Amino acid sequence: MSDKFSELTFEQIKIGQTEKFHVTITESLVNDFAKISGDYSPIHMDINYAQSTKFNGRVVHGMLLASFLSRMVGMYLPGKHALYASQTLEFHNPCFIDDEITISSTIVDKSESTKIIKINSEILNNKNEILLNGVGKIIIRDD
């Protein structure tokens, strides 16, 4: 994992600007997220239980997926000067361990008066199915 981040200023940010990155969801990521969040629901953690459900396997925490939006905002689009104001989320399809996901975000609005940008984000699996999407409002600091 790189610790390099974008340093876009408000003036440099353009509507339509897009960034994306890929992540492979590992069992270790899921286990670590359970430890951090305290969510040990059997649908996420118990293979025997999860295989007895309609999903036929462990479902990755939706909020683990959503946490990658924080990486997007803090590291790539816009990066250093960002501060989250809000984020909507809609979950569409389950994610499973070993799925390769693509996180992509696009700037869709920019307010000169408030220095807030809106970012549409979505996460897709390797079958090109939408796992989640949402809109973030990001304050661009000038420090």
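Quick caveat: nothing in here was measured; it's all calculated off a predicted structure.

Student: Sorry, what's going on with the overall build of the protein chain here?
Tutor: Looking only at helices and strands, one finds four helices and six strands in the protein chain. If you line up the protein chain on its principal axes, its C-alpha atoms span 55 × 25 × 25 Å. Here the protein chain holds 143 residues, and 37% of them are scored as buried. Excluding contacts between residues fewer than 6 apart, the proportion of contacts in the protein chain whose partners are at least 24 apart in sequence is 67%. For the protein chain, the accessible surface area stands at approximately 8,000 Å², while carbon and sulfur atoms represent 51% of it. Once the 14 positive and 18 negative side-chain charges of the protein chain are each reduced to a mean point, those two points are 4 Å apart.

Student: In this structure, what is going on with unusual backbone geometry? I would like to understand it.
Tutor: Apart from glycine, the bulk of residues carry a negative phi angle, and the bulk of peptide bonds sit in the trans form. Following Leu77, the chain continues to Pro78 via a peptide bond in cis, the omega torsion being 10°. By the element assignment, Pro78 lies in the loop between helix 4 (62-76) and strand 2 (82-87). The phi dihedral of Asn56 is positive, around 55°, even though this residue is not glycine. Not every positive phi belongs to a glycine, and Asp98 is a case in point at roughly 80°. If you trace the backbone, Asp98 turns up in the loop between strand 3 (90-91) and strand 4 (100-111).

Student: Mind showing me how you'd approach the nonpolar core here?
Tutor: Generally speaking, soluble globular proteins have nonpolar side chains that are buried together. Grouped together as the largest cluster of nonpolar side chains are 29 residues, with contacts concentrated most on Ile25, Leu65, Phe68, Ile101, Ile103, Ile117 and Ile123. Of all elements in the fold, only strand 1 (18-24), helix 1 (27-37), helix 4, strand 4, strand 5 (116-124) and strand 6 (130-140) reach the threshold of two or more residues within this core. With seven residues, the single largest contributor to this core is helix 4. With sequence-adjacent residues up to four places away left out, Leu65 is seen in contact with Ile25, Val60, Cys95, Ile101, Ile123, Leu131 and Leu132.

Student: It is not clear to me how the packing of helix 1 against helix 4 should be interpreted in this structure. Could you clarify?
Tutor: The angle between the axes and the distance between the axes are what describe a pair of packed helices. The contact between helix 1 and helix 4 brings their axes to 10 Å, and the two run at 95°. Regarding the angle of helix 1 to helix 4, the classification is roughly perpendicular. Along its contact with helix 1, which presents Leu29, Val30 and Phe33, the element helix 4 presents Met63, Leu64 and Phe68. Among the residues forming the contact of helix 1 with helix 4, the class breakdown is six nonpolar, no polar and no charged.

Student: Please explain the pairing of strand 6 as it appears in this structure.
Tutor: Strand residues, when the strand is regular, have side chains that alternate between the two faces of the sheet. The sheet contact formed by strand 2 and strand 6 spans five bridges and is antiparallel. Counted as the bridge partner of Gln87 is Gly136 from strand 6. One ladder, built from two bridges, connects strand 3 with strand 6; its direction is antiparallel. For Glu90, the partnering residue across the bridge sits in strand 6 and is Asn133. Looking at chain direction, strand 5 and strand 6 are connected through nine bridges and run antiparallel. Bridge pairing links Asn120 to Val135 in strand 6. Where strand 5 folds back on strand 6, the antiparallel hairpin that results is connected by five residues, among which Asn128 adopts a positive phi of roughly 65°.

Definitions and cut-offs
- Residues numbered from 1 in each chain as written.
- Predicted model: local features only at pLDDT ≥ 70, side-chain atom pairs only at ≥ 80, totals over all residues.
- Heavy atoms only, no water.
- Helix = DSSP H or I, 4+ residues; strand = E, 2+ residues; numbered from the N terminus.
- Buried < 20%, exposed > 50% of the residue type's maximum accessible area, 1.4 Å probe, protein only.
- Contact = heavy atoms within 4.5 Å.
- Areas by Shrake-Rupley, 256 points an atom, 1.4 Å probe, with all protein chains shown as cover.
- Lys, Arg positive; Asp, Glu negative; His and termini not counted.
- Charge placed at Lys NZ, Arg CZ, Asp CG, Glu CD.
- Core = buried A, V, L, I, M, F, W, Y, C linked by side-chain atoms within 4.5 Å.
- Axes fitted to C-alpha atoms, helices over the stretch in contact; angles between N-to-C directions.
- Parallel < 35°, antiparallel > 145°, perpendicular 65-115°, else oblique.
- Nonpolar A, V, L, I, M, F, W, Y, C, P; charged D, E, K, R; others polar.
- Pairing = 2+ DSSP bridges.

All quantities given are derived from atomic positions and should not be read as evidence of function.
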